[in-house]
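Close look at the chain arrangement
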Amino acid sequence: MESKQSKWSQIFRGEFAIFGLAVFFLALMHSFAFEDRLVLILYYLAAVGSAYALVKRHAIGLASAIVAIVAATMFAQLYYAAKPDTWHPVFDAARDMLGLGALLYLTVRVLIASYQMQRDEKRRELKCKIEEQLVAMRAEALRQTSHEVRTPLSTITAISETLLDGSTGELNDDQRDFVQDIDEAAQHLLALVNDILDYAKAEAGMIRLSPQPVALAELVDQCVSMVGPRAQEAGVTVTAQVDAELNEVIADPLRLRQIMLNLLSNAIKYNNEGGSVIVRIRSDVAGQFRISVRDTGRGIAPEHLKHLFEPYYQAAIADQGIGTGLGLAIIKHLTELHGGTIDVESVVDTGSMFTVVLPVETEAVEEEETVAAAQTKPISQRIEIPEGDLLGI
């Protein structure tokens, strides 16, 4: 019962109400419209105004029907006012009927096409609305889940670090090994949860940039120092080169550091023992700079390159560790938020090179623009694999 009432209320409240009132007025004033100029002006003002109101409501089919009604009344008035032909009594009537039939057919076709356009537009709007709600719901679910998981993991890492530093008493070798395993596992899970949380924020368009002056050389040194222990453990050397003229850029320091750390971590993780990682930052075309991270690892097969930035996709070899497969998808989103691009070149058994091109001065993105970009084009669909010379740094 309630659904029927809501259906009728929608009919009488929206564009159907405008259409019904317009048709009623046109029918009421039709017999007077062509006898008085003021009434004729009001007649067409009502028709054009109602058609405009319907177009604004995306009711293109009903607006076309209003236009067709007005055109039909004008045609009828002009038709009967025109002087009839006397060429042939039979053929004259047949010609008029054929012409009127063709006119009626084309009018119906226009109305059907307009209604189909209106229906398709409504479907697109509904689909976009559903997709926005699904993205928001998925992001909220991931945030809640990540929060519930991250809290106990943080507690585990805090307790394990306290045990390892000897604050609660010295541990023997076996105990230290066990606690060390617990700490490493918890840290690994915490990193996975953080990736999921970042990706959820990216999908929902919730990541906001705070551009400010960033000293590139200092930022790179910090990132190299942070990955130093991991590189030493893996037997990989990391070197960095920053062009002297790039003293300072305008970017979000937190997100730029996240991009650098993720690229360096991947270059170390998927490298060979005794390999190297070279980071080079240099000026690009006017108003841009280029970050290149090159490794001497096992490389990426061509069939994996086109999927590399898709979420949850991993092209890594099984013995190189596990992860969520979200790191590169997040990096690509952060790069695009800065107004930049990311490319990859790779040769199997030779190595890979990731290149990020960013503007020297990043502008803050408005909230509505960021949300719209994230919702209309998921980050898993924004990828271009460049063609050109491989590994040219």
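Residues numbered from 1 in each chain as written. Predicted model: local features only at pLDDT ≥ 70, side-chain atom pairs only at ≥ 80, totals over all residues. Heavy atoms only, no water.

Within the protein one finds 11 helices and seven strands. When each of the 393 residues of the protein is scored for burial, the buried share is 33%. For the protein, restricting intrachain contacts to residue pairs at least 6 apart in sequence, the fraction spanning at least 24 positions comes to 73%. Split by element, the accessible area of the protein, about 23700 Å² in all, is 59% carbon and sulfur. (Helix = DSSP H or I, 4+ residues; strand = E, 2+ residues; numbered from the N terminus. Buried < 20%, exposed > 50% of the residue type's maximum accessible area, 1.4 Å probe, protein only. Contact = heavy atoms within 4.5 Å. Areas by Shrake-Rupley, 256 points an atom, 1.4 Å probe, with all protein chains shown as cover.)

Once that is clear, we can look at helix H7 (residues 216-234). Taking 1.5 Å of rise per residue, the 19 residues of H7 would be expected to cover 27 Å, and the 26 Å separating its terminal C-alpha atoms lies within 8% of that figure. Largest kink in H7: about 45°, centred on glycine 228, with the proline proline 229 one to four residues after it. Of the residues making up H7, those classed as buried are Leu216, Leu219, Val220, Cys223, Val224, Val227 and Ala231. Packing partners of the buried residues in H7 comprise strand S1 (212-215), strand S2 (237-242), strand S3 (248-251), helix H8 (253-269), strand S4 (276-283) and strand S5 (288-295). Glycine 235 occupies a position one or two residues after H7 and carries a positive phi of about 75°. (Expected span 1.5 Å × (residues − 1). Bend = angle between axes of the 7 residues up to and from the residue.)

Looking at soluble globular proteins, one finds that nonpolar side chains tend to be buried together. In this structure, Leu264, Val277 and Ile291 are the most contacted members of the largest nonpolar core, which totals 47 residues. Looking at this core, the element that brings in the most residues is H8, giving eight residues. Excluding its chain neighbours within four sequence positions, the residues that come into contact with isoleucine 291 are Leu256, Met260, Arg280, Ile281, Phe354, Thr355, Val356 and Leu358. Core analysis: the second largest hydrophobic core is formed by 14 residues, Leu26, Val39, Ile66 and Val70 among them. (Core = buried A, V, L, I, M, F, W, Y, C linked by side-chain atoms within 4.5 Å.)

Where H8 contacts helix H10 (residues 327-337), the axes come no closer than 10 Å and their chain directions differ by 145°. The two elements H8 and H10 meet at a crossing, and its hand is left-handed. Between H8 and H10, the contacting residues are Arg255, Gln258, Ile259, Asn262, Leu263 and Asn266 on the first element and Gly327, Leu328, Ile330, Ile331, Leu334 and Thr335 on the second. When the residues that make up the contact of H8 with H10 are grouped by side-chain class, the tally is six nonpolar, five polar and one charged. (Axes fitted to C-alpha atoms, helices over the stretch in contact; angles between N-to-C directions. Left-handed = near helix turned anticlockwise from the far one by under 90°. Nonpolar A, V, L, I, M, F, W, Y, C, P; charged D, E, K, R; others polar.)

Bringing the environment of leucine 26 into the picture now. With respect to the helices, strands and loops of the structure, leucine 26 is situated in helix H2 (residues 15-33). Once the C-alpha coordinates of leucine 26 and isoleucine 66 are considered, the two residues, 40 residues apart in sequence, prove to be 9.3 Å apart. In contact with leucine 26, other than residues within four places in its own chain, are Tyr43, Ala47, Ile69 and Val70.

Another aspect to go through is the environment of isoleucine 331. With respect to the helices and strands, the residue isoleucine 331 is situated in helix H10. When its relative accessible area of 1% is taken as the criterion, isoleucine 331 is described as buried. Separated by 132 residues in the primary sequence, isoleucine 331 and tyrosine 199 have C-alpha atoms spaced 9.7 Å apart. If near-sequence neighbours (up to four positions away) are discounted, isoleucine 331 is found in contact with Ile259, Asn262, Leu263 and Ile342.

Tallied over the entire structure, the rule returns one aromatic pair. Between tyrosine 43 and tyrosine 44, the aromatic rings sit 5.3 Å apart at their centres with planes inclined by 85°, giving edge-to-face as the arrangement. Judged by relative accessible area, which is 0%, tyrosine 43 ranks as buried. (Phe/Tyr/Trp six-rings, centres within 6.5 Å; stacked < 30°, edge-to-face > 60°.)

On the surface, a cluster of negative charge is made up of Asp173, Asp174, Asp177, Asp181, Glu184 and Glu233. Sorting elements by how many residues they give to the negative patch places helix H6 (residues 173-203) first, with five residues. (Patch = residues over 30% accessible without salt bridge, like charges linked within 9 Å, V, L, I, M, F, W, Y side chains within 5 Å. Salt bridge = Lys/Arg side-chain N within 4 Å of Asp/Glu carboxyl O. Lys, Arg positive; Asp, Glu negative; His and termini not counted. Charge placed at Lys NZ, Arg CZ, Asp CG, Glu CD.)

Looking at the protein as a whole, the pLDDT averages 79, with 83% of positions reaching at least 70. When the criterion is pLDDT under 50, residues 316-321 qualifies, and its contacts beyond four places in sequence or with other chains add up to eight contacts. (pLDDT = per-residue confidence, 0-100.)

In a regular helix each residue adds 1.5 Å, so 17 residues correspond to 24 Å; H8 covers 24 Å between its end C-alpha atoms and thus fits that length. Across the 17 residues of H8, 13 count as buried, placing the element largely inside the fold. Capping the start of H8 is the job of one residue whose side-chain oxygen sits 3.0 Å from the backbone nitrogen of leucine 254: aspartate 252. (Polar contact = N/O pair within 3.5 Å; in protein donor to acceptor, adjacent residues only side chain to side chain.)

This next bit is on the sheet that holds S5. Pairing within the open sheet is mixed, and its five strands lie in the order S2-S4-S5-S7-S6. The outermost strands of the open sheet, each flanked by one partner alone, are S2 and strand S6 (341-347). Neighbour to neighbour, the strand axes of the sheet diverge by 10° on average, direction disregarded. Across the face of the sheet, H7 comes into contact with S2, S4 and S5 while running at roughly 175° to S2. Packed onto the sheet, H8 meets S2, S4, S5 and strand S7 (351-359) and runs at close to 20° relative to S5. (Pairing = 2+ DSSP bridges.)

With that out of the way, let us pick up the packing of helix H3 (residues 37-56) against helix H4 (residues 60-81). Packing of H3 against H4 leaves a shortest axis separation of 8 Å and a crossing angle of 160°. One element, H3, and the other, H4, form an angle in the roughly antiparallel class. Crossing angle aside, the handedness with which H3 passes H4 is left-handed. The segment H3 lies against H4, with Tyr43, Tyr44, Ala47, Ser50, Ala51, Leu54 and Val55 engaging Leu62, Ala63, Ile66, Val67, Val70, Thr73 and Met74. Tallied by class, the residues present in the contact of H3 with H4 amount to 12 nonpolar, two polar and no charged. (Parallel < 35°, antiparallel > 145°, perpendicular 65-115°, else oblique.)

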